[in-house]
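# Architecture at a glance
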Amino acid sequence: GADNDSLTGGPGDDQLEGGDGDDSLSGEAGNDTLRGGAGADQLRGDDGIDTATYLTSTSGLIADLGSAANNTGEAAGDTYFNVENLTGSAYADTLRGNDGDNILTGGVGADSLAGGLGSDTASYADADSGVTADLQVPDNNAGEAAGDSFDSIENLRGSSYADVLRGNADNNVLGGAEGADTLEGRGSNDELLGYLGNDTLDGGAGNDSIDGGADTDTAVYAGNRADYTVTGSAASLTIADGTADRDDTDSVTNVEFFQFADGTVAAADLFKVPTISISTISGDDVVNAGERAAGFTISGTATDADGESATITIRDAFDSVVATFIVPVSGGSWSAIVQGSLSDGSYTVTADVHDAAGVAAARATRPLAIDQTPPTIAISTIAGDDVVNAGEAAAGFTISGTAVGADGENATITIRDTSNAVVANYTALVVSGAWSASVPGSLSGGLADGSYSITAAVNDGAGNPASPATRSISVDQNAGAPTGLVSIAGTAVEDQVLTASNTLADADGLGPIGYQWQRDAG
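Here's a quick rundown of the structure. Because the structure is a prediction, the values reported are computed rather than measured.

## Describing the overall build of the protein chain
- Summing up its helical and strand segments, the protein chain has three helices and 46 strands in all.
- A compact globule built from 522 residues should have a C-alpha radius of gyration of about 24 Å, whereas the protein chain, at 51 Å, is more than 25% larger.
- Across its three principal axes, the protein chain shows a C-alpha extent of roughly 185 × 45 × 35 Å.
- If you take every contact in the protein chain between residues at least 6 apart in sequence, the share linking residues at least 24 apart comes to 45%.
- Here the protein chain has roughly 24300 Å² of accessible surface; of this, 48% comes from carbon and sulfur atoms.

The following block contains the structure:
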């Protein structure tokens, strides 16, 4: 009333109003609101976080928590004890804090808000529409904040509507409250609190703490997605900028989307890392002459990269790039056709890809060899003279030869008759440049007399074929009686030594030759 009132609150959050006299208001426990009204009032907050309010003042005023002697208007003569916060009138006010952490609510009007020491907040929580409040450039202020100026104000609290709150180079706390708010921390280590609404939060430089609160929120970053390293989980993560002095390292909770320079990514997708692999090339990672001439394919798979382009690079043994291909990823796979003049030698193929957000897959590598040099193969003389006689046919004979550049491979030996019909096939392993195949007597003994053609073929490990070797043989098991003479030297008398020699020959083979002497009767 108009008298000098003395009002004392209880343990709760009280609202005490003194009226026109010189009143004494004591809030005691709880977070109390003290309205002294006209007169020189003693305003005691006591315990809790308490506010002196001049909301009903009919004109602008000065209220100074640190030096009440500076007060003017309805605040003139008022003194403060354990009061932390001030609320001004609907006019142009000057509100000053003290050495503590103060919340200054200027309300309507072009207000001057000076926090003093401590971490102080300019609040627009009671505004009836969205505001723009900019600690660094107050000329940008709009709505209830229009015309307000800030001195030693570190923090901003928004309204229940869509606000734009911007910090400065200090460590700021920006609280959006309700509404779809835009919070920009700018420099230093800021705390951005979205609370309710679909908020956009940009910490800027410094190691910021960002909490989107409820609803669907977006954190904004200046670089491309690939510039950042993300750890943690979609609900609570740490995002570190690889570019110095830009976004630094932020702790982020309750944010659903992340906006980068090259696209927006859902929080869950931040932890999807693409992969890429290279399949075996040409069946064995060795390209032979035929494959090189026809063109060969390098292909592979990629995950989480559909619609992106993979980069396939071929480097020689000196790590020089000899070919590069940019190929699309579709359905989780990619392929590149190589047609060119790669020379014999060793190469390394690499494959790289990134996802739509710019996150790079670990590089895939695969060795590649180009081998266009064919092996050689030859057939040695068979049975000493390329003629198989009856004895050799019965015992079986060997076909052998050499092969260069085909060790460890199997040569194919084929016997054909004069009608080019295949009589027999054999495989022979090439070891130390040599090979051999045994033709058993069960086969060769049944070979009809006549001419035969033997071919030997082999491929090297790369699949390059040798020019086939050929050799003609004949089988002659019925060559007729032996030819030649038997000679006896000496006198055929008793006790004399006779010596026998011969010039016998037989295409079928002679076998053992023996001599027998028989004494004449008489």
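What follows picks up the thread again.
## A few points about the packing of aromatic side chains
- Taken as a whole, this structure holds four aromatic pairs when the rule is applied.
- Here the aromatic rings of Tyr228 and Phe260 are separated by 5.3 Å at their centres, their planes lie at 45°, and the arrangement is tilted. With Tyr228 in strand 24 (residues 228–232) and Phe260 in strand 27 (residues 257–260), this residue pair connects regions lying 32 residues apart in the sequence.
- Given the relative accessible area of 5%, Phe260 is considered buried.
- A network of ring pairs unites the aromatic residues Tyr221, Tyr228, Phe258 and Phe260 as a single cluster.
- Against the face of Phe81 rests Arg44, its NZ or CZ located 4.2 Å from the ring centre.

## As for the pairing of strand 41 (residues 422–429)
- For strand 40 (residues 410–416) and strand 41, the ladder comprises seven bridges, and the chain directions are antiparallel. Looking across to strand 41, one finds that Arg416 is bridged to Val422.
- Here strand 40 hands over to strand 41 after five residues, with Asn420 in that stretch at a positive phi of 70°.

## Let's talk about unusual backbone geometry
- For Ala177, which is not glycine, the phi torsion reads 60° and is therefore positive.
- Among the secondary structure elements, Ala177 is positioned in the loop between strand 18 (173–175) and strand 19 (182–184).
- We classify Ala177 as partly exposed; its relative accessible area is 22%.
- Non-glycine residue Asp304 carries a positive phi angle of around 55°.
- Overall, Asp304 belongs to the partly exposed group, its relative accessible area being 43%.

## Concerning the pairing of strand 33 (residues 321–328)
- In this sheet, strand 33 lies alongside strand 32 (residues 309–316) in antiparallel orientation, the contact comprising seven bridges. Across the sheet, Arg315 pairs through a bridge with Val321, a residue of strand 33.
- With antiparallel pairing between neighbouring strands as the criterion, strand 32 and strand 33 make up a hairpin whose turn holds four residues, including Asp319 at a positive phi of roughly 65°.

## Observations regarding the nonpolar core
- Of all hydrophobic cores here, the largest spans 46 residues; its most connected members are Tyr80, Tyr124 and Phe258.
- Residues within four places of Tyr124 in sequence aside, it is in contact with Leu113, Val131, Ala133, Glu144, Ala145, Asp148, Phe150, Leu156, Arg157, Gly158 and Ser159.
- Residues Ile379, Ala411, Tyr452 and Ile473 belong to the second largest nonpolar core, which totals 28 residues.

## Some details on the sheet that holds strand 3 (residues 24–26)
- Ordered in space as 1-3-5-8, the four strands form an open sheet in which the pairing is parallel. Of all strands in the sheet, those bounded by a partner on one side alone are strand 1 (6–8) and strand 8 (79–81). Between one strand axis and the next, the sheet turns through 10° on average, direction left out of account.
- Two elements, strand 5 (residues 42–44) and strand 8, share three bridges in a ladder whose sense is parallel. Looking at strand 8, one finds that Leu43 is bridged to Tyr80.

## Overview of the pattern of salt bridges
- Scanning the model with the defined rule gives twelve salt bridges in all.
- Here Arg35 and Glu17 are joined by a salt bridge, their closest N and O atoms 3.7 Å apart. Placement of the pair is Arg35 in strand 4 (residues 33–35) and Glu17 in strand 2 (residues 15–17), with a sequence separation of 18 residues.
- Since its relative accessible area comes to 52%, Glu17 is described here as exposed.
- Asp352 is the partner of Arg363 in a salt bridge, and the nearest nitrogen-oxygen pair spans 2.9 Å. Taken together, the positions of Arg363 in the loop between strand 35 (345–352) and strand 36 (364–370) and Asp352 in strand 35 put the pair eleven residues apart, joining distant regions of the chain.
- On the basis of relative accessible area, Arg363 is assigned to the partly exposed category, the value being 47%.
- Where salt bridges share partners, they join Asp134, Arg166, Glu184 and Arg186 into one cluster.

Analysis parameters
- Residues numbered from 1 in each chain as written.
- Predicted model: local features only at pLDDT ≥ 70, side-chain atom pairs only at ≥ 80, totals over all residues.
- Heavy atoms only, no water.
- Helix = DSSP H or I, 4+ residues; strand = E, 2+ residues; numbered from the N terminus.
- Rg over C-alpha atoms; globule rule 2.2 N^0.38 Å.
- Contact = heavy atoms within 4.5 Å.
- Areas by Shrake-Rupley, 256 points an atom, 1.4 Å probe, with all protein chains shown as cover.
- Phe/Tyr/Trp six-rings, centres within 6.5 Å; stacked < 30°, edge-to-face > 60°.
- Buried < 20%, exposed > 50% of the residue type's maximum accessible area, 1.4 Å probe, protein only.
- Lys NZ or Arg CZ within 6 Å of the ring centre and 35° of its normal.
- Pairing = 2+ DSSP bridges.
- Core = buried A, V, L, I, M, F, W, Y, C linked by side-chain atoms within 4.5 Å.
- Axes fitted to C-alpha atoms, helices over the stretch in contact; angles between N-to-C directions.
- Salt bridge = Lys/Arg side-chain N within 4 Å of Asp/Glu carboxyl O.

These figures come from the coordinates and say nothing about function on their own.
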